[in-house]
Amino acid sequence: IDELKENEEPKKGTEEAAKLEEERKSEESAKQVAKEENKVTETLSQQNAVKKAEQYFKVMAFSKSGLIKQLEFEGFSHEDATYAVNKINADWKKQAVKKAEEYLNVMAFSKNGLIGQLEFDGFSNEEANHAVNNLNVNWKEQAVRKGKEYLNIMAFSRNGLIEQLKFDGFTLEEATYAADQIGL
């Protein structure tokens, strides 16, 4: 009797493994069928919206809501634009970093100012903070750049420039550093 029980236990394990393997294959098959059905049910407009979203990503960074709005501007329905944005399965934190880099290549920002700009563009606070915390930026040098940008368009006293930079989100230390480096 003990021998029978010992012989049955490996059979149980083998049977369970076979059942698990069969379930796994069934799930894979179901996923494949779902993919094929999705291809069949995807409209031409949805396919084009996906292509357009992918084309935009090759050129510039977008937030999820920003890309939906851009696709709608291109004439896609809200439903097709949303479908496309969900289909491309983007890493929105990575997009936020890329967008932050794009901004910093064009103009100077304080850390808080850049977070605010990214949020305005539709990135969540979490995505925006992730972006600024994953950049290699010297915020004091950004304050210097911003101070020079201001001085190219209007005159400032030392205190006026420091106050303007603080208003833009720079710390007192960053703003004072900028004024010192500029020579005010």
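The structure we're discussing is the one just above.
As the structure is a prediction and not an experimental result, all values here were calculated from the model.

Undergrad: Just to check I follow, could you spell out the environment of E72 for this structure?
TA: Tracing the chain through its elements places E72 in helix α3 (residues 64-73). Overall, E72 belongs to the partly exposed group, its relative accessible area being 29%. Spatially, the C-alpha atoms of E72 and T82 are 9.2 Å apart, while their sequence positions differ by ten residues. Contact partners of E72, with chain neighbours within four places excluded, come to S77, H78 and A81.

Undergrad: Is there a simple way to explain the packing of helix α8 (residues 139-153) against helix α10 (residues 172-182) in this structure?
TA: Angle between the axes and distance between the axes are the two parameters that describe a pair of packed helices. At a minimum axis distance of 8 Å, the contact between α8 and α10 shows a crossing angle of 60°. Classed by the angle they form, the pair α8 and α10 counts as oblique. Remark: the crossing between α8 and α10 carries right-handed chirality. Contacts from W139, K140, E141, A143, V144, G147, K148 and L151 of α8 reach α10 at E173, E174, Y177, A178, Q181 and I182. The class makeup of the residues in the contact of α8 with α10 is seven nonpolar, two polar and five charged.

Undergrad: What's the story with the packing of aromatic side chains in this structure? I'm lost.
TA: Given two aromatic rings, their pairing is described by the distance between the two centres and the angle made by the two planes. Counting across every chain of the model gives four aromatic pairs. Ring geometry for F57 and W92: centres 5.8 Å apart, planes at 65°, overall edge-to-face. Pair noted here: F57 is in helix α2 (residues 44-59) and W92 is in helix α5 (residues 92-106), with a separation of 35 residues, a long-range link. Note on W92: relative accessible area 14%, which makes it buried. Geometrically, the ring pair formed by Y103 and F109 is edge-to-face, given 5.6 Å between the ring centres and 65° between the ring planes. Sitting above the plane of the F62 ring, K99 keeps its charged end 5.9 Å from the centroid.

Rules used in this analysis
- Numbering of residues starts from 1 in each chain and follows the order in which that chain's sequence is written.
- Totals for whole chains, interfaces and linings use every residue, but because this is a predicted model, local features are given only for residues with pLDDT of at least 70 and side-chain atom pairs only at 80 or more, for both listing and counting.
- Excluding hydrogens and water, the side-chain figures rest on all heavy atoms present in the structure.
- By the criteria applied, helices consist of DSSP H or I runs no shorter than four residues and strands consist of E runs no shorter than two, each listed in order from the N terminus.
- The rule is simple: take the accessible area with a 1.4 Å probe, protein chains only, and divide by the maximum for that residue type; under 20% is buried, over 50% is exposed, in between is partly exposed.
- Only heavy atoms enter the contact rule, under which two residues are in contact if any of them lie within 4.5 Å.
- Each axis is a line fitted through C-alpha atoms, taken for helices only over the stretch in contact, and angles between the N-to-C directions span 0 to 180 degrees.
- Each angle receives one of four descriptions, namely roughly parallel if under 35 degrees, roughly antiparallel if over 145, roughly perpendicular if within 65 to 115, and oblique otherwise.
- By the definition used in this description, the sense in which the near helix is turned from the far one sets the handedness, with an anticlockwise turn below a right angle giving left-handed and a clockwise turn giving right-handed.
- Following the grouping adopted for this structure description, the nonpolar residues are Ala, Val, Leu, Ile, Met, Phe, Trp, Tyr, Cys and Pro, the charged ones are Asp, Glu, Lys and Arg, and the polar ones are all others, Gly among them.
- Aromatic contacts are taken between Phe, Tyr and Trp rings whose centres are within 6.5 Å, Trp giving its six-membered ring; a plane angle under 30 degrees counts as stacked, one over 60 as edge-to-face, and the others as tilted.
- Counted as over-ring charges are cases with an Arg CZ or a Lys NZ within 6 Å of the ring centre that also lie within 35 degrees of the ring normal.

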